[in-house]
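Residues per chain, in single letters:
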Amino acid sequence: IFARKNPDADKQHVLERHSAKRRVAPLPPRNLSMRHEAMFYPDDAALVSAFGRVIKAVLSAGNTSIVVATGSHRAEIISSLKADHVDVDGAREQKRFIAQDADATLAAIMVNDMPDKIRCAELLANLIATAKGAQKEPIRIAICGECAPILLARGNAEGAIRLEHLWNEVTMKHGADTLCGYVWSTFPQRENSTEFQKICAEHSAVQGQELGYST
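Residues numbered from 1 in each chain as written. Predicted model: local features only at pLDDT ≥ 70, side-chain atom pairs only at ≥ 80, totals over all residues. Heavy atoms only, no water.

Undergrad: Any chance you could break down the overall build of the protein chain for me, citing the residues and the numbers?
TA: Check the secondary structure of the protein chain and you find nine helices and seven strands. Across the 215 residues of the protein chain, 47% fall into the buried class. The long-range share in the protein chain, meaning contacts at least 24 apart out of those at least 6 apart in sequence, stands at 80%. Accessible area of the protein chain: about 11900 Å², with a carbon and sulfur share of 50%. (Helix = DSSP H or I, 4+ residues; strand = E, 2+ residues; numbered from the N terminus. Buried < 20%, exposed > 50% of the residue type's maximum accessible area, 1.4 Å probe, protein only. Contact = heavy atoms within 4.5 Å. Areas by Shrake-Rupley, 256 points an atom, 1.4 Å probe, with all protein chains shown as cover.)

Undergrad: How would you summarise the packing of aromatic side chains if you had to cite specific residues and measurements?
TA: Counted according to the given criterion, the structure contains four aromatic pairs. Arranged with centres 4.9 Å apart and planes meeting at 25°, the rings of Phe40 and Trp184 form a pair that is stacked. In this pair, Phe40 is assigned in strand β1 (residues 36-41) and Trp184 in the loop between β7 (176-183) and α9 (194-201), connecting sequence segments 144 residues apart. Judged on exposure class, the residue Phe40 and its partner Trp184 are both buried. (Phe/Tyr/Trp six-rings, centres within 6.5 Å; stacked < 30°, edge-to-face > 60°.)

Undergrad: Which residues make up empty space enclosed by the protein, and what values go with them?
TA: Summed over all chains, the structure comprises one cavity of 30 Å³ or more. Taken as a whole, the largest cavity holds about 70 Å³ of empty space. Residue assignment for the lining of the largest cavity shows that the elements contributing at least two residues are α7 (147-153), α8 (157-174) and β7. Its residues assigned to classes, the lining of the largest cavity comprises seven nonpolar, two polar and two charged. (1 Å grid on protein atoms, 1.4 Å probe; cavity = no way out; pocket = protein on both sides within 12 Å on 5 of 7 lines; lining within 4 Å. Points joined across faces, edges and corners; volume = space filled by probe spheres on them. Nonpolar A, V, L, I, M, F, W, Y, C, P; charged D, E, K, R; others polar.)

Undergrad: Report on the sheet that holds strand β6 (residues 141-145), specifying residues and quantitative values.
TA: Taking strand neighbours across the sheet as the criterion, the five strands line up as β1-β7-β6-β2-β3 in an open arrangement whose pairing is parallel. Each edge of the sheet is formed by a strand with only one pairing partner; in this case those strands are β1 and β3 (97-101). Along the sheet, successive strands turn relative to each other by an average axial angle of 15°, direction set aside. Its contacts with the sheet put helix α3 (residues 71-83) on β2 (64-69) and β3, and the angle it makes with β3 is roughly 160°. Its contacts with the sheet place helix α6 (residues 117-133) against β2, β3, β6 and β7, and it is angled at close to 155° to β3. (Pairing = 2+ DSSP bridges. Axes fitted to C-alpha atoms, helices over the stretch in contact; angles between N-to-C directions.)

Undergrad: Give a description of the layout of surface pockets that names residues and reports values.
TA: In this structure, the second largest pocket spans a volume of roughly 160 Å³. Forming the walls of the second largest pocket are Asp44, Leu47, Thr70, His73, Glu146, Pro149, Ile150, Ala153, Gly181, Val183, Ser185 and Thr186. Every element with two or more residues in the lining of the second largest pocket is listed here: α2 (44-60), α7 and β7. Among the elements that take part in the lining of the second largest pocket, α7 stands out by supplying three residues, more than any other.

Undergrad: Go over α8 with me, naming the residues and quoting the values.
TA: Under the 1.5 Å per step criterion, the end-to-end length of α8 is 26 Å for 18 residues, consistent within 8% with the ideal 26 Å. Trailing α8 by a residue or two, Gly175 shows a phi angle of about 70°, which is positive. (Expected span 1.5 Å × (residues − 1).)

Undergrad: Talk me through the nonpolar core; I want residue IDs and the actual numbers.
TA: One finds Phe40, Ile66, Leu106, Ile143, Leu163, Tyr182 and Phe187 to be the most contacted residues of the largest nonpolar core, which totals 37 residues. Apart from the residues within four sequence positions on either side, Phe40 is in contact with Tyr182, Trp184, Phe187, Phe196, Cys200 and Val206. Tyr41, Val58, Val88 and Cys144 belong to the second-largest nonpolar core, a separate cluster that totals 24 residues. (Core = buried A, V, L, I, M, F, W, Y, C linked by side-chain atoms within 4.5 Å.)

Undergrad: Could you give me a rundown of the pattern of salt bridges, with the residues and numbers involved?
TA: Inspection of every chain in the model, using the stated rule, returns six salt bridges. We note a salt bridge from Asp84 to Lys56, for which the minimum N-O separation is 2.8 Å. Remark: Lys56 occurs in helix α2 and Asp84 occurs in the loop between α3 and α4 (88-93); sequence separation between them is 28 residues. You can call Asp84 partly exposed: its relative accessible area is 37%. You can call Lys56 partly exposed: its relative accessible area is 29%. (Salt bridge = Lys/Arg side-chain N within 4 Å of Asp/Glu carboxyl O.)

Structure representation (structure tokens):
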């Protein structure tokens, strides 16, 4: 005679599994030490919306998110997060959410219109160290950024490609994931563009669910 299952216990088990799943940071594929993904959006509104969704998912998983974006995009992202009942102010105080200005970041790392390897490494290392140092337990760090896309939009394709390469090196060393947000209008010829192909080559993935987070 088999004992009857307790439906309430089964329900509680499912809830516990779901809760545990939310707390676990999504890991990259086994052949990668971290994610550095490029996503392409139809317009700025779609990019801002996507960054907001990813940041919310990162914070909900107990991890830390860094956004490096323009002033207008940062304002829209923060506004959307607060409207979605995310405790942005609390996360910022705990340094679990760090908002960095993209133009100021570029000004700090550019030399003669090209990203400087040493400056880029120092700035990123300090930013990641700030995020990691504020946490009591090891966490995953996810960066949503648009520095290289800004360079590309300004006509500096060579600088954008070099920045993606340098960013890849530094974040791999420090174990931080990155989502680079591009707007399709920066690639007039789309997939036939040489710049498009080179930028894609600097990323671990070009499509799919952003950084593996369920949003």
